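# Secondary and tertiary structure notes
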Amino acid sequence: FSQITPGAASVVKDFASDVGVKEIQITVSSPAQNVKVTVTKYDGKPADVSVVPSGKIYQYLQIEATNLVGKLDKATVQFRAEKSKVSDKDNIVVSKFDDTVNKWNEQTTTYVSEDGTYYYYDVDVTSFSYFAISEKSLVGGEEDGTGGAAAEGRNLTWLWIVIAVVVLAVIWFVVKKKQ
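Now for a quick tour of the structure. (Residues numbered from 1 in each chain as written. Predicted model: local features only at pLDDT ≥ 70, side-chain atom pairs only at ≥ 80, totals over all residues. Heavy atoms only, no water.)

## Considerations on the overall build of the chain
The line we're drawing: Going along the chain from the N terminus, every DSSP run of H or I of four or more residues is numbered as a helix, and every run of E of two or more is numbered as a strand. Burial classes: relative accessible area under 20% of the type maximum marks a residue as buried, over 50% as exposed, and values in between as partly exposed (1.4 Å probe, protein chains only). Using a 1.4 Å probe, the Shrake-Rupley method yields the accessible areas, and only the shown protein chains count as cover for residues.
In terms of regular secondary structure, the chain is built from 1 helix and 12 strands. Relative to its 179 residues, the chain shows a buried fraction of 35%. Within the structure as shown, the chain displays about 10700 Å² of accessible surface, and the carbon and sulfur contribution to it stands at 53%.

Here it is as structure tokens:
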């Protein structure tokens, strides 16, 4: 954009179909000149990111903008997820990487539409970074990014504790009966 002025959203469209973004609406708090928005797709976790978000990851990407520092009020990014890779369209979340605390933060992800190939989701952000499109982590230890192995381990621990208590109770009962 040669110039973006406050009061109306400017829209960036026509990204390559494989980058995971359909469009970005940018609203500024003060005029911005020579704004450039770049979206980069990653085949795996980006090298600059040291942690992996929870859930099954469909895609990593990075959104960068030049000449928007201190001027970006809000951006609405419309992400897309390929239907053939998604098991449940209502279980998709977009997470944004916060490099100041080295953590992925789930963003409020709103399903908006679909076509023959993609599901579309809107996410409002106030800055750009690395993003991950993934399945939401299920609450209650059902999914922890390891296929539930940690929850299964916890369940087996309780089973062994119960078995040990029963064995000790049987031994105590037999000893008492012999006396």
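## Some details on the pattern of salt bridges
The cut-off we apply is this: Salt bridge criterion: a side-chain nitrogen from Lys or Arg within 4 Å of a carboxyl oxygen from Asp or Glu.
Under the definition given, this model contains 4 salt bridges. The partner of Asp43 in a salt bridge is Lys41, and the shortest N-O contact between them spans 3.7 Å. Residue Asp43 is classed as exposed on the basis of its relative accessible area, which comes to 79%. Residue class for Lys41 comes out partly exposed when judged on its relative accessible area of 33%.

## Some details on the layout of surface pockets
What counts is decided by this rule: Two kinds of site are reported from a 1 Å grid over the protein atoms alone, namely cavities, where a 1.4 Å probe fits but cannot get out, and pockets, open sets with protein on both sides within 12 Å along at least five of seven lines, and residues are called lining when an atom falls within 4 Å of a point. Grid points are joined across faces, edges and corners, and a volume is the space filled by probe spheres set on the points. In the scheme used here, Gly and all other residues not listed as nonpolar or charged are polar, with Ala, Val, Leu, Ile, Met, Phe, Trp, Tyr, Cys and Pro taken as nonpolar and Asp, Glu, Lys and Arg as charged.
Taken as a whole, the largest pocket holds about 340 Å³ of empty space. What lines the largest pocket is a set of 19 residues, among which Ile63, Ala65, Ser127, Phe128 and Ser129 lie closest to the centre. Counting only elements with at least two residues in the lining of the largest pocket, the list comes to β6 (57-66) and β8 (92-98). In terms of residues, the lining of the largest pocket owes the most to one element, β6, which gives 4 residues. Of the residues that constitute the lining of the largest pocket, the class distribution is 8 nonpolar, 5 polar and 6 charged.

## Some remarks on unusual backbone geometry
Located in the positive-phi region is Asn34, a residue other than glycine, with phi close to 50°. Along the polypeptide, Asn34 turns up in the loop between β4 (32-33) and β5 (36-42). Taking the relative accessible area as the measure of exposure, Asn34 reaches 53% and is therefore exposed. Positioned with a positive phi, Asn67 is a non-glycine residue whose angle comes to about 65°.

## Things to note about the nonpolar core
Across soluble globular proteins, nonpolar side chains have a tendency to be buried as a group. Using the following cut-off: For our purposes a nonpolar core is just a set of buried Ala, Val, Leu, Ile, Met, Phe, Trp, Tyr and Cys residues, chained together by side-chain atoms within 4.5 Å. We call two residues in contact whenever any of their non-hydrogen atoms come within 4.5 Å of each other.
Membership of the largest hydrophobic core comes to 31 residues, with the highest contact counts inside it found for Val21, Ile24, Ile26, Ile63, Phe79 and Phe128. Within the residue set of this core, elements represented by two or more residues are β3 (21-28), β5, β6, β7 (72-82), β8, β11 (118-125) and β12 (130-135). A per-element tally of this core places β7 first, with 5 residues. Excluding residues that lie within four positions of it along the chain, Phe128 makes contacts with Ile24, Ile63, Ala65, Leu68, Leu72, Ala75 and Val77. With 6 residues, the next largest nonpolar core counts Val49, Tyr60, Tyr130 and Ala132 among its residues.

## Some remarks on the sheet that holds β3
Sheet strands associate in pairs through backbone hydrogen bonding, adopting either a parallel or an antiparallel arrangement. Rules: Following DSSP output, two strands are said to pair if at least two bridges run between them. Note on definitions: angles span 0 to 180 degrees between N-to-C directions of axes, and those axes are lines fitted to C-alpha atoms, for helices only across the stretch in contact.
Judged by pairing direction, the sheet is antiparallel, and its 5 strands sit side by side in the order β2-β3-β7-β11-β10 without closing on themselves. Taken across any chain shown, the strands that pair with only one partner, and hence form the sheet edges, are β2 (10-12) and β10 (110-114). Going across the sheet, the axis of each strand differs from the next one's by a mean of 20°, ignoring polarity.

## Details of a nonpolar patch on the surface
Applicable threshold: The residues that make up patches have over 30% relative accessible area and no salt bridge, and they are joined within 9 Å when like-charged or within 5 Å when they are Val, Leu, Ile, Met, Phe, Trp or Tyr.
The grouping of Leu159, Trp160, Ile163, Val167, Leu168, Ile171 and Val175 at the surface amounts to a nonpolar patch, some 680 Å² of accessible area in total. The topology assignment puts Trp160 in helix α1 (residues 149-178).

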